[in-house]
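Observations on the model geometry
These are the residues of each chain, in order.
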Amino acid sequence: QRKEAETSFANLDEFIASLDIRLTILPVNDITLPRVAQMTQKTNQFNLTTHRYTEQDLCTMLADGAEIWTLAVADKFGDSGVTGTMIITIDGLIDTLLLSCRVLGKGIEEVFVKYVMAQTKHMELRANYIKTAKNTLVESFYDKMGFELFAEDGVIKQYRITLTNADLTFKQLYTIN
């Protein structure tokens, strides 16, 4: 139905606005923790580091002061559930950033990252892109988000961004809960 509806709009923004997309961006909780662990095990295409974690690993990270954020997506055609996560370590490293392929192509990933960056307690964030055979789709994601590339070795790109200078605005095509 989404694909059919898309053909009746002149541009992508009009189509996205018609979907009535609702994003719920929250810290992980006992209910969403198993889903986050599952996504780290299975998500490959939009996964900037492909780190794999168990529920116990995530609990340890939380106990060590990490922030774990979840993204749930729904629109007029249905609820996709929890389809994204972002893990920020206590020292300001985006350890994991991933989204399910079923919610890509609508700018949701940009909104998710900018929203979390606005909520985090950190003044500067660092991030890595670790190249794999399956995640080349996101090779320039941090570049597009305004992060500064400061080191690269062919497999790992290292980025940073100062949040006081970052552009955290995004198109108002979504409802954020």
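Whatever comes next refers back to the structure up there.
This section reports on the structure supplied with the text. Here the structure is a predicted model, which means the values were calculated and not measured.

1. Considering the overall build of the protein chain
Scanning the protein chain for helices and strands turns up six helices and eight strands. The globule rule puts the C-alpha radius of gyration for 177 residues at 16 Å, and the 16 Å found for the protein chain is close to it. Projecting the C-alpha coordinates of the protein chain onto the three principal axes gives extents of approximately 45 × 35 × 35 Å. Relative to its full complement of 177 residues, the protein chain shows a buried share of 47%. Counting only contacts in the protein chain whose residues sit at least 6 apart along the sequence, the fraction spanning at least 24 positions is 66%. Accessible surface, the protein chain as shown: approximately 8,900 Å² in total, 51% of it carbon and sulfur. Taking the average location of the 18 positive side-chain charges in the protein chain and that of its 23 negative ones, the two points are 5 Å from each other.

2. Notes on the sheet that holds strand 5 (residues 124–130)
One open sheet holds the eight strands; their spatial order is 6-7-5-4-3-2-1-8, and the pairing between them is mixed. Since the sheet does not close on itself, it has two edges, and those belong to strand 6 (148–152) and strand 8 (174–176), each with one partner. Here the average twist between neighbouring strands, direction ignored, is 25°. Bridge count between strand 6 and strand 7 (residues 156–162): four bridges; the pairing is antiparallel. Note on strand 7: the bridge partner recorded for Leu149 is Tyr159. With respect to the sheet, helix 3 (residues 33–42) is in contact with strand 2 (67–75), strand 3 (78–88) and strand 4 (93–99), its orientation differing from that of strand 3 by roughly 80°. Those strands touched by helix 5 (residues 108–119) are strand 1 (21–27), strand 2, strand 3, strand 4, strand 5, strand 7 and strand 8, and its axis lies near 140° from that of strand 2.

3. Details of the environment of Ile87
Tracing the sequence through the fold places Ile87 in strand 3. Judged by relative accessible area, which is 0%, Ile87 ranks as buried. On a C-alpha basis, the gap between Ile87 and Ala17 in space is 28 Å, while along the polypeptide they are 70 residues apart. If near-sequence neighbours (up to four positions away) are discounted, Ile87 is found in contact with Tyr53, Leu58, Met61, Glu67, Ile68, Leu93, Ile94, Asp95 and Thr96.

4. Details of the pattern of salt bridges
In the structure shown here, the tally under the stated rule is six salt bridges. Taking the shortest distance from any N to any O, the salt bridge between Lys157 and Glu139 comes out at 3.9 Å. Taken together, the residues span a long stretch of sequence, with Lys157 in strand 7 and Glu139 in the loop between strand 5 and helix 6 (141–144) at a distance of 18 residues. What makes Glu139 partly exposed here is its relative accessible area of 27%. Among the ionic pairs, Glu148 bridges to Arg160, the shortest N-O distance being 3.3 Å. With Glu148 in strand 6 and Arg160 in strand 7, this pair connects stretches of sequence that are 12 residues apart. For Arg160, a relative accessible area of 30% gives the class partly exposed.

5. A closer look at the side chain of Asn128
Inspection of the secondary structure assignment puts Asn128 in strand 5. Judged by relative accessible area, Asn128 falls into the buried class, the value being 19%. Beyond its immediate sequence surroundings of up to four residues, Asn128 is in contact with Leu48, Thr49, Leu93, Ile94, Tyr142, Ile156, Lys157 and Gln158.

6. As for unusual backbone geometry
We note that Asp20 has phi near 55°; this positive angle belongs to a residue other than glycine. Relative to the assigned elements, Asp20 resides in the loop between helix 2 (12–18) and strand 1. Assessed through its relative accessible area of 38%, Asp20 is described here as partly exposed. At Thr50, a residue that is not glycine, the phi angle is positive and equals roughly 55°. Examined against the element boundaries, Thr50 turns out to sit in the loop between helix 3 and helix 4 (55–63).

The rules behind these values
Residues numbered from 1 in each chain as written. Predicted model: local features only at pLDDT ≥ 70, side-chain atom pairs only at ≥ 80, totals over all residues. Heavy atoms only, no water. Helix = DSSP H or I, 4+ residues; strand = E, 2+ residues; numbered from the N terminus. Rg over C-alpha atoms; globule rule 2.2 N^0.38 Å. Buried < 20%, exposed > 50% of the residue type's maximum accessible area, 1.4 Å probe, protein only. Contact = heavy atoms within 4.5 Å. Areas by Shrake-Rupley, 256 points an atom, 1.4 Å probe, with all protein chains shown as cover. Lys, Arg positive; Asp, Glu negative; His and termini not counted. Charge placed at Lys NZ, Arg CZ, Asp CG, Glu CD. Pairing = 2+ DSSP bridges. Axes fitted to C-alpha atoms, helices over the stretch in contact; angles between N-to-C directions. Salt bridge = Lys/Arg side-chain N within 4 Å of Asp/Glu carboxyl O.

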